[in-house]
Amino acid sequence: MKRYIFNYIKGLLIDYPNLDKYIKERREELMHPYTPPDINRDIKGNKISNPMENALITIDQDRRLAALEKRKMVISNRLRDSDPDTQTIIQELYIKKHPQYTMDGLIANQLIYCGRTKAFELQNEFFEDVAKDLNLDD
């Protein structure tokens, strides 16, 4: 796996706990769009209507919202389908707000029941599966 893809997925995992908040905020933005006040509202004249400006993006059509929901679904499904060691590795190293352990710490404190090489293989396999589900693999 290329390093930039690995780092991108790492960023997604770090941001995973906030995805519900981002999805909620984006839905609110779409349901209640901001309209700037018209400083020329007192001036009378011919109003030129631009249908593209008046078109609203619906919740179903919004690409950003769809991307956020897809990320959440993919990561949730992969975590759910992973073995306990992989879940512990991903939760502790990436999803937890203040991680206590490194990979070696997880092994030394027997939070995972595998060796160092196998632990990194589990981590890499998880990242590759997420990349494949998000169509990031080359």
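Heads up: the structure comes first, above all this text.
Let me sum up the structure you'll find in this document.

What counts as what
- Residues numbered from 1 in each chain as written.
- Predicted model: local features only at pLDDT ≥ 70, side-chain atom pairs only at ≥ 80, totals over all residues.
- Heavy atoms only, no water.
- Helix = DSSP H or I, 4+ residues; strand = E, 2+ residues; numbered from the N terminus.
- Buried < 20%, exposed > 50% of the residue type's maximum accessible area, 1.4 Å probe, protein only.
- Areas by Shrake-Rupley, 256 points an atom, 1.4 Å probe, with all protein chains shown as cover.
- Patch = residues over 30% accessible without salt bridge, like charges linked within 9 Å, V, L, I, M, F, W, Y side chains within 5 Å.
- Salt bridge = Lys/Arg side-chain N within 4 Å of Asp/Glu carboxyl O.
- Lys, Arg positive; Asp, Glu negative; His and termini not counted.
- Charge placed at Lys NZ, Arg CZ, Asp CG, Glu CD.
- Phe/Tyr/Trp six-rings, centres within 6.5 Å; stacked < 30°, edge-to-face > 60°.
- Expected span 1.5 Å × (residues − 1).

## Overview of the overall build of the chain
The number of helices and strands found in the chain is seven helices and zero strands. When the helices and strands of the chain are read in sequence order from the N terminus, they spell out α-α-α-α-α-α-α. Residues counted as buried form 28% of the 138 residues belonging to the chain. Total accessible area on the chain stands at roughly 10,300 Å², and carbon and sulfur atoms take up 51% of it.

## Here's the deal with a negative patch on the surface
Among the surface-exposed residues, Asp83, Glu121, Glu125 and Glu128 lie close enough to one another that they form a single negatively charged patch. Here Glu121 lies in helix H7 (residues 116-133).

## So, the packing of aromatic side chains
Inspection of every chain in the model, using the stated rule, returns three aromatic pairs. When the ring of Phe6 is compared with that of Phe127, the centres are 4.4 Å apart and the planes differ by 20°; the resulting orientation is stacked. Residue Phe6 is found in helix H1 (residues 3-15), and its partner Phe127 is found in helix H7; the two are separated by 121 residues along the sequence. No difference in accessibility class separates Phe6 from Phe127, as the two residues are buried. An angle of 65° between the planes, with centres 6.4 Å apart, marks the rings of Phe126 and Phe127 as edge-to-face. Among the aromatic residues, those joined into a cluster by ring pairs are Phe6, Tyr94, Phe126 and Phe127.

## Remarks on the pattern of salt bridges
For the structure shown, the criterion picks out 10 salt bridges. Measuring nitrogen to oxygen at the nearest pair gives 3.6 Å for the salt bridge that ties Asp129 to Arg78. Taken together, the positions of Asp129 in helix H7 and Arg78 in helix H4 (residues 63-81) put the pair 51 residues apart, joining distant regions of the chain. Exposure remark for Asp129: the relative accessible area of 18% places this residue in the buried category. Close ionic contact of Asp104 with Arg116 constitutes a salt bridge, the shortest N to O distance being 2.7 Å. Separated by 12 residues along the polypeptide, Asp104 in helix H6 (residues 103-108) and Arg116 in helix H7 bring together distant segments of the chain. Note on Asp104: relative accessible area 39%, which makes it partly exposed.

## Considering H7
An ideal rise of 1.5 Å per residue puts 26 Å on 18 residues; H7 measures up with 26 Å between its terminal C-alpha atoms. Burial in H7 covers these residues: Ala119, Leu122, Gln123, Phe126, Phe127, Asp129, Val130 and Ala131. Trailing H7 by a residue or two, Asn135 shows a phi angle of about 60°, which is positive.

## Structural notes on unusual backbone geometry
A positive phi angle, close to 55°, is found at Gln110, a residue other than glycine. Here Gln110 shows up in the loop between H6 and H7. Backbone geometry places Asn135, a non-glycine residue, at a positive phi of 60°. Note on placement: Asn135 falls in the segment after H7.

The values are spatial; any link to function lies outside them.
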